[in-house]
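Residues per chain are reported as follows:
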Amino acid sequence: MMTSPLRIALIGAGAMGRQHAGYIANEPNAQLVAIADPFSDALATELGVTHFNDHLDMLDNVRPEAVIIANPNDLHVDTALDCMSYGIPVLLEKPVASSREGAERLLNAQRQYDTPVLVGHHRRHNPVTMRTKEVIDSGQLGRLATITAMWQTCKPTEYFEADWRQQRGAGVVLINLVHDLDLMRHLCGEISALQASTNNALRGYEVEDSAAILLEFENGALGTLVGSDAVVSPWGWDQNINEVPLYAKHLDQGCYYLAGTQAALTVPQMRLWQYAGPHHWGHNLNEQTLAVADGSAQQNQLRHFIQVASGKTLPLVSIQDAVRTMIVIDAIEEAAASRCTTHDPWLIYTPCLPEQVAKLSTIQCRRE
Ligand SMILES: NC(=O)c1ccc[n+]([C@@H]2O[C@H](COP(=O)([O-])OP(=O)(O)OC[C@H]3O[C@@H](n4cnc5c(N)ncnc54)[C@H](O)[C@@H]3O)[C@@H](O)[C@H]2O)c1
């Protein structure tokens, strides 16, 4: 039986952990009861919450009803497995794992433990996302033909002082474009093939700093996603929508452009473009701004997590779902490294990589 407010503990008290603590403070149905972080007790001291160096110690002593994991990517799997083995529901920051092998272990654990895990692809909880999905699903755009997406900005030098951020598994594709890829899958459907180029030409770290990705969706729509964390640019979800306070805002700029046979949509401004009469490139388009409900993505995500942890609903982003995005990420990495001309992350992932098919089938992420 869960209590109200729900007793939540935080594992990892860095930049993201601090944000989660803020969302919990704003949520009457949640209470932060402990923080585990071996390298810093600053947030715990500031908030007057019990601090632990070791999350297992914390789980043993505090027995929280739910846990938010916001430690470095390569610890996500082991930490989540620990919490699942205690039967404690988890909100696991994205990416769900930093490797395919890790994702596979989590999927197997999900079969073993009946513990709900919500993956932190918070953008899906944004009212703009919900409205965009409604518009696409209602057929207002006609047949969706293309999506053009961008996430480009300049991370400061200090960001890379944490070594893990320079190393494989923490580049712009896995850390940032993972959100766009998750949203593109959510909005446009599963990805059936892709091509990609990445490079580290601007910063020279082991991780990539720029990427260009070409996508084919199962429904026949085509997409491009261009990203960089080392350029000057106002285009990207985080700059174009009031969601993550860290970013300077350019709210008049769009980052997703969707075009269908009946209409086009600029996101996140929700500007819908349509012909008044016959479709003709010589005719002006009418522009209309669609209404969107109020609400914060992260706060909505936390409320959803409370429902998930209380067993009242299933996670909007499950481990299985997040692993599908991981498989796309993996395919991007392989496509960029091998310069294959086409990749199907589910089925034809293999002209270059025969051994991957067996792996895909063992984690049961192939389409039915
Ligand atoms: N959803 C989003 O939009 C979003 C945004 C930023 C970061 N993130 C994710 O959040 C996670 C953390 O990112 P960050 O930017 O806060 O990084 P960060 O480096 O600022 O914080 C990581 C924290 O984890 C702590 N830590 C290290 N080992 C630990 C352990 N064994 N147990 C507990 N804590 C440990 C570190 O001391 C640090 O305080 C990453 O997985 C990242 O991908 C998500």
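Everything in this summary refers to the structure shown in the same document. The structure presented is a predicted model; accordingly, all values stated were derived computationally and were not measured.

1. A look at the nonpolar core
Formed by 99 residues in total, the largest nonpolar core has its most connected members in M58, V96, L106, L141, L194, L258 and L265. When residues of this core are sorted by domain, at least three fall in each of domain 1 (6-115) and domain 2 (126-293). Non-local contacts of L258, meaning those with residues more than four positions away in its chain, are made with T132, I136, L141, L144, T146, I147, C188, A263, A264, L265 and V267.

2. Focus: helix α1 (residues 15-25)
Those residues of α1 that fall on the buried side of the exposure criterion are G17, Q19, H20, A21, Y23 and I24. Packed against the buried residues of α1 are β1 (6-11), β2 (30-36), α2 (42-47), β4 (66-69), β5 (90-92) and α9 (297-309).

3. A few points about the sheet that holds strand β14 (residues 285-289)
With respect to topology, 8 strands assemble into an open sheet ordered β8-β9-β10-β7-β11-β12-β13-β14, the strand pairing being mixed. This sheet does not close on itself; its edge strands, each paired only once, are β8 (191-199) and β14. Strand-to-strand, the axes of this sheet are offset by a mean angle of 15°, without reference to chain direction. Relative to strand β10 (residues 222-228), strand β7 (residues 144-152) runs parallel, the two being bridged by 7 bridges. Bridge pairing in β10 links I147 to G223. Its contacts with the sheet place helix α10 (residues 319-338) against β8 and β9 (210-217), and it is angled at close to 50° to β8.

4. So, the side chain of R123
Among the secondary structure elements, R123 is positioned in the loop between β6 (117-119) and α6 (127-137). Classification of R123 as buried rests on a relative accessible area of 2%. There is a polar contact of 2.8 Å between the side chain of R123 and the side chain of D180. With sequence-adjacent residues up to four places away left out, R123 is seen in contact with T129, W151, N176, H179, D180, L183, W237, D238, E243 and Y256.

Conventions used here
- Sequence order as written defines the numbering, with residues in each chain counted from 1.
- In view of the model being predicted, local features appear only for residues whose pLDDT reaches at least 70, and side-chain atom pairs are presented and counted only at 80 or more, with totals across whole chains, interfaces and linings using the full set of residues.
- Only hydrogens and water are removed before side-chain values are computed, so all heavy atoms of the structure are retained for them.
- To define a nonpolar core, start from buried Ala, Val, Leu, Ile, Met, Phe, Trp, Tyr and Cys residues and group those joined through side-chain atoms within 4.5 Å.
- Burial classes follow relative accessibility: with a 1.4 Å probe on protein chains only, a residue under 20% of its type's maximum area counts as buried, one over 50% as exposed, and anything between as partly exposed.
- Domain start and stop positions are those given by an automatic or database domain assignment.
- Note on contacts: a residue pair is in contact if any heavy atoms of the two residues lie within 4.5 Å.
- Strands are runs of DSSP state E lasting at least 2 residues, helices are runs of H or I lasting at least 4, and numbering of each runs from the N terminus.
- Two strands qualify as a pair provided that DSSP identifies no fewer than 2 bridges between them.
- For every element, the axis is a line fit to its C-alpha atoms; helices are fit only across the contacting stretch, and the angle between N-to-C directions ranges from 0 to 180 degrees.
- For the purposes of these results, a polar contact is taken to be a pair of N or O atoms within 3.5 Å, where, inside protein, one atom must be able to donate a hydrogen and its partner to accept one; residues adjacent in sequence count only when each atom of the pair is a side-chain atom.

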